[in-house]
Amino acid sequence: MYIKSLRIRDLRCLEAVDIELSPLINIFIGDNGTGKTSLLESVYLLSRGRSFRSAPQSRLIRKESESLSIFANVADDQEKSFSIGLQRNSDELRIKLSTDPDARLIHLVKTLPVQIIDPALHALFEEGPTARRRFLDWGVFHVEHSFFPAWHRYKRAIQQRNSVLRSGGSDAELKAWDHDILTSAAHINATRSRYVAELNKLLPGNLIRFENTDQIEIEYQTGWPKGRDFSDVLSEGLSRDRQLGYTMHGPHRADLRIRWHGVKAEQRASRGEQKVLICSLMLTQAELLTRQTDKRPVLLIDDLAAELGQNYRTQLLEVINSLQLQTFLTCLDKSLLPPPVGEHKMFHVEQGKVIRVV
């Protein structure tokens, strides 16, 4: 899977961008504030319909315009071409997918898997379980097709149970949701567990400059006490859930822990080592997705040089090259990058303009 060409109109400072892309490495060089990150943001929007940046979505549209649009010509791994388009104004989001005239946002996510490595990636360690579940479920969603329907059923049932808890409903009203909760929870837990087991198998091969890689392990925590049956936990916790007004345990409280020599990685690893470890995890996700679906994700790397020494940068690009991923990466200056290997294109970004230089 790779993007052949990209057309952007009125996204932040990018007024009009039309570029032909390499199926492998695409490098965007320029000063801060010139639009490099916005260019990566355009690809992320095509995949997920929202930005990876924390600023309000209303700021996506260039000040002088009332709407933005992004269009991409994409080739799958069989070299069949199709197009993806997105238009957003202050009120609505419109999606266009040439292979499905009735496409919704979920179809974009399935069609164009995109993963990002940016300066905010430390959230995987720092922001608690929510960020880690998001990382985990992105991967499970793409390789386990039954995961999303189960998650949708579970989320609906938990919301209904929580509503009954807050309204002081009867035990019978609460138990009416037990079947949907327990059956969907079992499916979610099984798919997540399988996925983490596969990640652990592949992770050592993608770890960048880590010694004793056999001492790094991903640990999946289900969201209820280890070794307990979820149905028992749900039943025994009823009075506490009534006091809280929400369901305390379940897959919605699951977590993913990365341990190094048996210790949480964020406690042992330096800031730079944390970034290297998270990069390795994301590349492992990409490899697993490719192995199980024959669909290669697009990789976005914002500010490659931040917190990474030259050796780390070189090894990161070596792993990316070995996986044959289309990659968009930004950097302040090309001198900060190792010499690209194989097919690549380089662009200079300045004042919202993107110009091919190599």
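Residues numbered from 1 in each chain as written. Predicted model: local features only at pLDDT ≥ 70, side-chain atom pairs only at ≥ 80, totals over all residues. Heavy atoms only, no water.

> It is not clear to me how the sheet that holds strand S4 (residues 67-75) should be interpreted in this structure. Could you clarify?
Within a sheet, neighbouring strands are paired by backbone hydrogen bonds and run either parallel or antiparallel to one another. Strands sit in the order S2-S1-S4-S5-S6 across an open sheet of five strands; the sheet is antiparallel. In the strand order of this sheet, the two ends are held by strand S2 (14-20) and strand S6 (93-97), each with one partner. Direction aside, neighbouring strands of the sheet carry axes that sit 10° apart on average. As paired elements, strand S1 (residues 2-11) and S4 share seven bridges and run antiparallel to each other. (Pairing = 2+ DSSP bridges. Helix = DSSP H or I, 4+ residues; strand = E, 2+ residues; numbered from the N terminus. Axes fitted to C-alpha atoms, helices over the stretch in contact; angles between N-to-C directions.)

> Could you clarify how one ought to interpret the nonpolar core in this entry?
One recurring pattern in soluble globular proteins is that nonpolar side chains are buried together. Of all hydrophobic cores here, the largest spans 75 residues; its most connected members are Ile181, Leu283, Ile301, Leu304, Leu316, Ile320 and Leu329. When residues in this core are grouped by element, the largest group, ten residues, is from helix H11 (residues 271-293). Excluding anything up to four places from it in sequence, Ile181 contacts Tyr154, Ala157, Ile158, Arg161, Phe230 and Leu234. In terms of nonpolar packing, the next biggest core, distinct from the first, is built from 39 residues, Leu39, Leu40, Leu108 and Phe328 among them. (Core = buried A, V, L, I, M, F, W, Y, C linked by side-chain atoms within 4.5 Å. Buried < 20%, exposed > 50% of the residue type's maximum accessible area, 1.4 Å probe, protein only. Contact = heavy atoms within 4.5 Å.)

> What is the right way to look at the side chain of Asp302 in this model?
Mapped onto the elements, Asp302 comes out in the loop between strand S11 (298-301) and helix H12 (310-323). Reaching out from Asp302, the side chain makes a polar contact with the side chain of Thr37 at a distance of 2.9 Å. The contact partners of Asp302, leaving out residues within four places of it in the chain, are Thr37, Leu40, Ile117, Asp118, Pro119 and Thr330. (Polar contact = N/O pair within 3.5 Å; in protein donor to acceptor, adjacent residues only side chain to side chain.)

> Is there a simple way to explain the pairing of S2 in this structure?
Two faces make up the sheet, and in a regular strand the side chains alternate between them. Bridge analysis of S1 against S2 gives six bridges, and the strand direction is antiparallel. Along S2, the bridge assignment pairs Leu11 with Leu14. Taking the residues that link successive antiparallel strands as the turn, the S1-S2 hairpin has two residues, and the phi of Arg12 there is positive, at about 50°.

> Is there a simple way to explain the layout of surface pockets in this structure?
With a probe scaled to a water molecule rolled over the atoms, the places where space remains empty come into view. Space inside the largest pocket adds up to approximately 760 Å³. Considering the residues around the largest pocket, the lining is formed by 18 residues, among which Arg50, Arg134, Asp137, Phe148 and Trp151 are closest to the centre. Counting only elements with at least two residues in the lining of the largest pocket, the list comes to helix H2 (105-111), helix H4 (129-143) and helix H5 (147-167). Looking at the lining of the largest pocket, its residues break down into eight nonpolar, three polar and seven charged. If you add up the space inside the second largest pocket, you get close to 480 Å³. Elements with a contribution of two residues or more to the lining of the second largest pocket: helix H1 (36-48), strand S7 (114-117), helix H3 (123-126), H4 and H11. For the lining of the second largest pocket, the leading source of residues is H4, giving four residues. In the lining of the second largest pocket, the residues fall into twelve nonpolar, two polar and five charged. (1 Å grid on protein atoms, 1.4 Å probe; cavity = no way out; pocket = protein on both sides within 12 Å on 5 of 7 lines; lining within 4 Å. Points joined across faces, edges and corners; volume = space filled by probe spheres on them. Nonpolar A, V, L, I, M, F, W, Y, C, P; charged D, E, K, R; others polar.)

> Would you explain the pattern of salt bridges in this entry?
Pairs may arise between side chains of opposite charge once their charged atoms sit close together. One pass over the full model with this rule turns up 20 salt bridges. A salt bridge links Arg62 to Asp10, with the shortest nitrogen-to-oxygen separation between them at 2.7 Å. Of this pair, Arg62 sits in the loop between H1 and S4 while Asp10 sits in strand S1, and the two are 52 residues apart along the sequence. Owing to a relative accessible area of 15%, Arg62 belongs among the buried residues under this scheme. Note that Arg259 and Glu219 form a salt bridge whose closest N and O atoms lie 2.4 Å from each other. Residue Arg259 is located in strand S9 (residues 255-260), and its partner Glu219 is located in strand S8 (residues 216-221); the two are separated by 40 residues in the primary sequence. According to the relative accessible area criterion, Arg259 is partly exposed, its value standing at 22%. (Salt bridge = Lys/Arg side-chain N within 4 Å of Asp/Glu carboxyl O.)

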